[in-house]
Amino acid sequence: LIASVVTSYILGMGMSAIACYVFLAIITAPGLVLAGVNRMAAHLFILYCGMLSYITLPVALAVYPAAALAKVSPNRVGIRAIRLGAALFILPFFFVEDPNLLLQGEIWEFLLPFTRIAVAMYILGCTFEGYIIGIGWLIFKGLSGYLAFAALIISAILVGTKNILTTIIGLAITIIILFLMFITKNIKYDILKKSISNYD
């Protein structure tokens, strides 16, 4: 899968969606299918990975019109795009792990995986953006901040896995970390508020 990601990313640089998919379907999809990956999941995996080059450097074709509209440096927009789209690099692996996400089965077989992946992607998106509703900005500074950042990413991946036990563990880790960050943020706010009142 990692080799397919690298191949898809390289071939996706500067190619149209149709041409990229045709090349990847010939080169990488058969190997994934022979390795035991669901056929539909394999084709969507390579197509999705191939298109990610549109928002990531060094090519990032979608960055240039966005930079022109925003009137800023393309490199700045590209770095921002990588940050906002980082969760998308993990999403294709969920397709491979659980083909029920591709509507291959009954509707109730799709609802649980969809809910699980939606929660995982929400956690990843909030972590990479550094903001979550109800808590506000997540400050990842210092050793404890970097550890919290890594733990949130790992917990989101655990939430997205097919095993119910790892999903529960991932949710528990996420709740604990966010609760601690919420408490710490409120304590710092109270200290700042008291210091301002004392100054007045």
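Refer to the structure printed above.
Cut-offs applied
Residues numbered from 1 in each chain as written. Predicted model: local features only at pLDDT ≥ 70, side-chain atom pairs only at ≥ 80, totals over all residues. Heavy atoms only, no water. Helix = DSSP H or I, 4+ residues; strand = E, 2+ residues; numbered from the N terminus. Buried < 20%, exposed > 50% of the residue type's maximum accessible area, 1.4 Å probe, protein only. Core = buried A, V, L, I, M, F, W, Y, C linked by side-chain atoms within 4.5 Å. Contact = heavy atoms within 4.5 Å. Axes fitted to C-alpha atoms, helices over the stretch in contact; angles between N-to-C directions. Parallel < 35°, antiparallel > 145°, perpendicular 65-115°, else oblique. Left-handed = near helix turned anticlockwise from the far one by under 90°. Nonpolar A, V, L, I, M, F, W, Y, C, P; charged D, E, K, R; others polar.

Caption draft 1: Representation of the overall build of the chain. Each helix and strand counted, the chain has 10 helices and two strands in total. When its helices and strands are written in sequence order, the chain yields α-α-α-α-α-α-α-α-β-β-α-α. Taking the principal axes of the C-alpha coordinates as reference, the chain spans close to 70 × 45 × 30 Å. Among the 200 residues that make up the chain, the fraction classed as buried is 36%.

Caption draft 2: A look at the nonpolar core. Counting 29 residues, the largest nonpolar core has Phe94, Met121 and Leu124 as the members making the most contacts within it. Elements represented by at least two residues in this core include exactly helix H2 (17–27), helix H3 (29–34), helix H4 (39–51), helix H7 (91–97), helix H8 (107–129) and helix H9 (142–160). In terms of residue count, H8 provides more of this core than any other element does, six residues in total. Contacts of leucine 124, omitting those with residues within four sequence positions, involve Ala87, Ile90, Ile153 and Ala156.

Caption draft 3: Main features of the environment of valine 5. Structurally, the position occupied by valine 5 is in helix H1 (residues 2–11). In this structure the C-alpha to C-alpha distance between valine 5 and phenylalanine 89, which are 84 residues apart in sequence, comes to 9.1 Å. Those residues in contact with valine 5 that lie beyond four places of it in its chain are Phe45, Cys49 and Phe93.

Caption draft 4: Structural context of the side chain of threonine 174. Position of threonine 174 relative to the elements: it lies in helix H10 (residues 164–199). Look past the residues within four positions of threonine 174 in its chain and what remains in contact with it is Ile123, Leu152 and Ser155.

Caption draft 5: View of the packing of H1 against H2. One can describe the packing of H1 onto H2 by two numbers: an axis separation of 10 Å at closest approach and a directional angle of 150 degrees. Here H2 runs roughly antiparallel to H1, going by the angle between their axes. When you trace H1 past H2, the crossing you get is right-handed. Contacts from Thr7, Ser8 and Leu11 in H1 reach Cys20, Phe23, Leu24 and Ile27 in H2.

Caption draft 6: Highlighting unusual backbone geometry. Even without glycine at this site, lysine 71 takes up a positive phi of about 60 degrees. Here lysine 71 shows up in the loop between helix H5 (63–70) and helix H6 (74–84).

Caption draft 7: Structural detail: the packing of H1 against H4. Relative orientation of the contacting elements H1 and H4 amounts to 50 degrees, with a least axis distance of 7 Å. As the angle between them shows, H1 and H4 are arranged oblique. H1 and H4 meet at a crossing whose hand is right-handed. Between H1, through Ser4, Val5, Ser8 and Tyr9, and H4, the contact on the second element is made entirely by Phe45, Ile46, Cys49 and Gly50. Taken together, the residues of the contact of H1 with H4 break down into five nonpolar, three polar and no charged.

Caption draft 8: Spatial organisation of the environment of alanine 118. By secondary structure assignment, the location of alanine 118 is in helix H8. With relative accessibility at 38%, the residue alanine 118 sits in the partly exposed group. Alanine 118 sits 42 residues away from glycine 160 along the chain, and the two C-alpha atoms are 8.3 Å apart.

Caption draft 9: Local environment of the environment of glutamate 109. Relative to the helices and strands, glutamate 109 resides in helix H8. When its relative accessible area of 35% is taken as the criterion, glutamate 109 is described as partly exposed. Once the C-alpha coordinates of glutamate 109 and proline 99 are considered, the two residues, 10 residues apart in sequence, prove to be 10.0 Å apart. Residue contacts for glutamate 109: discarding those within four places in its chain leaves Asn100 and Gln104.

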